[in-house]
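Okay, here's what each chain looks like letter by letter:
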Amino acid sequence: MISKPFKVIGNLKMHAVGGLLQQYADQVGGQSFGLLVPAPYLTLAQSLFENTSIWVGAQTLSSHGQGARTGEFSAKIICDVGIETVLIGHSEVRARGEYAPEQIKQANNERLNIIYCVGESAEAYEYDQMERFLTQQLNDLSEFDRLTIAYEPVWAIGSGQVATIDHINKAIAVIRSVLREKTSNFDEVKLLYGGSVNNKNCLEIAHEANVNGFLIGGAALDVEKMLEVVNLCR
Ligand code: PGA
């Protein structure tokens, strides 16, 4: 048990999760958390979770409005299927050249909730450039309502190497101070940590880091582990 409101969100990335979503629906009790599912599963997930407290979000969106862009899906499409939240700026999405500022604009046009990922690369970490890196990424934000920020150092994602509490707290302080300059609502923006969080390390991070929740990749592919994280961090 922890003594602050805490959000847990799973990012199921590009995995074939039809069976896993069914397991979530079968095994969840009253726990409330989010799952960001691959786009083709959005409506299936919503109907499977209809009578649960699991909410469903998208993992990315097009940088463009509607039109002749085969294979892409827009903010409008996400809204049209009843989804309210989208992840933007995950390092795996940035790495393939998708442009976060335009995606943010599109999501804001449709008043979607945004979970915006920021985090320094391994190289920036090594050369102590975290602050510069985060400040640059945060400069892409234009609206601060409906915003959650996930601090995910790139070197911690999927590596089994969790950032130290001290490092997380430094990064969170940088993010808060940049937000303070940009918006009077800076205190309302929830800040998550992501990067190799699992059922074994979650409690210590939840207690000691100044975060309001977790973004979880690998461990969310195992229903029992994910539910354990959610139960521990209530
Ligand atoms: P991980 O992924 O928990 O497997 O490190 C986190 C993420 O990519 O959001």
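Please refer to the structure higher up on the page.
The paragraphs below set out a description of the structure included in this document. (Residues numbered from 1 in each chain as written. Predicted model: local features only at pLDDT ≥ 70, side-chain atom pairs only at ≥ 80, totals over all residues. Heavy atoms only, no water.)

## Here's the deal with the overall build of the protein
Looking only at helices and strands, the protein has 10 helices and eight strands in total. Taking 17 Å as the expected radius of gyration for a compact globule of 234 residues, we find that the protein reaches 17 Å, a close match to that expectation. If one aligns the C-alpha atoms of the protein with their principal axes, the spans along those axes are about 45 × 45 × 30 Å. Taken across its 234 residues, the protein has 52% of its residues classed as buried. Of the roughly 11,100 Å² of accessible surface on the protein, 47% is carried by carbon and sulfur atoms. Taken together, the 19 basic and 27 acidic charged side chains of the protein have centroids lying 3 Å from each other. (Helix = DSSP H or I, 4+ residues; strand = E, 2+ residues; numbered from the N terminus. Rg over C-alpha atoms; globule rule 2.2 N^0.38 Å. Buried < 20%, exposed > 50% of the residue type's maximum accessible area, 1.4 Å probe, protein only. Areas by Shrake-Rupley, 256 points an atom, 1.4 Å probe, with all protein chains shown as cover. Lys, Arg positive; Asp, Glu negative; His and termini not counted. Charge placed at Lys NZ, Arg CZ, Asp CG, Glu CD.)

## Structural notes on the packing of aromatic side chains
All told, the structure shown has four aromatic pairs when counted by the stated rule. Ring geometry for Phe-6 against Phe-214: centres 4.9 Å apart, planes inclined by 75 degrees, an arrangement best described as edge-to-face. Within this pair, whereas Phe-6 is found in the segment before β1 (7–11), its partner Phe-214 is found in strand β8 (residues 213–216), the two being separated by 208 residues in sequence. Its relative accessible area of 15% is what places Phe-6 among the buried residues. (Phe/Tyr/Trp six-rings, centres within 6.5 Å; stacked < 30°, edge-to-face > 60°.)

## What about the site of the ligand?
If you check the shell around the ligand, you find 13 residues, and the closest are Lys-13, His-90, Glu-152, Gly-158 and Ser-196. Here an oxygen atom of the ligand sits 2.7 Å away from a polar atom, N or O, in the side chain of His-90. Ser-196 is positioned with one of its backbone polar atoms (N or O) 2.7 Å from an oxygen atom of the ligand. Per-class residue counts for the shell around the ligand are four nonpolar, seven polar and two charged. (Near = heavy atom within 4 Å. Polar contact = N/O pair within 3.5 Å; in protein donor to acceptor, adjacent residues only side chain to side chain. Nonpolar A, V, L, I, M, F, W, Y, C, P; charged D, E, K, R; others polar.)

## A few points about unusual backbone geometry
Residues apart from glycine generally show negative phi values, whereas peptide bonds are mostly found in trans. Despite not being glycine, Arg-111 has its phi angle at roughly 55 degrees, a positive value. By secondary structure assignment, the location of Arg-111 is in the loop between α5 (100–109) and β5 (113–118). Owing to a relative accessible area of 58%, Arg-111 belongs among the exposed residues under this scheme. You will see that Arg-146, though not glycine, has its phi angle at about 55 degrees, which is positive. With respect to the helices, strands and loops of the structure, Arg-146 is situated in the loop between α7 (130–138) and β6 (147–151).

## Structural notes on the pattern of salt bridges
For the structure on display, the rule yields seven salt bridges. The shortest N-O distance in the salt bridge between Glu-72 and Arg-69 comes to 3.2 Å. Residue Glu-110 pairs with Lys-76 through a salt bridge whose shortest N-O separation is 3.2 Å. With Glu-110 in the loop between α5 and β5 and Lys-76 in helix α3 (residues 75–80), the pair connects residues that are 34 residues apart, well separated along the chain. (Salt bridge = Lys/Arg side-chain N within 4 Å of Asp/Glu carboxyl O.)

## Examining helix α1 (residues 18–27)
Three or four residues apart is the spacing at which side chains of an α-helix point the same way, because the helix has 3.6 residues per turn. Listing the buried residues of α1 in full gives Leu-20, Leu-21, Tyr-24 and Ala-25. Burial along α1 is one-sided: seen end-on, the buried residues are contained in an arc of 145 degrees. Buried residues along α1 sit against β2 (33–37), α2 (42–48), β3 (54–58) and α10 (223–232). (Arc of directions from axis to C-beta. Contact = heavy atoms within 4.5 Å.)

## Here we look at the pairing of strand β4 (residues 85–88)
Residues Thr-85 and Leu-87 point to one face of β4 and Val-86 and Ile-88 to the other, with burial holding for every one of them. Relative to β5, β4 runs parallel, the two being bridged by four bridges. Counterpart to Val-86 in the pairing with β5 is Ile-114. (Pairing = 2+ DSSP bridges.)

## Some remarks on the nonpolar core
Among the nonpolar cores identified, the biggest contains 72 residues, and Tyr-24, Phe-33, Leu-35, Ile-149, Tyr-193 and Phe-214 are the most heavily contacted of them. Ranked by residues supplied to this core, first place goes to helix α8 (residues 165–182) with eight residues. Beyond its immediate stretch of four places on either side in the chain, Phe-214 contacts Phe-6, Lys-7, Val-8, Ile-9, Leu-192, Tyr-193, Val-197, Cys-202, Ile-205, Ala-206, Val-229 and Cys-233. Counting residues in each nonpolar core, the second largest holds eight residues, with Ile-9, Leu-87, Ile-115 and Leu-215 among its members. (Core = buried A, V, L, I, M, F, W, Y, C linked by side-chain atoms within 4.5 Å.)

## A word on the side chain of Thr-85
Of note, Thr-85 is situated in strand β4. Within the structure, Thr-85 has its side chain in polar contact with the side chain of Asn-113 (distance 3.2 Å). Leave out the neighbours within four places in its chain, and Thr-85 touches Trp-55, Gly-57, Ala-58, Leu-112, Asn-113 and Ile-115.

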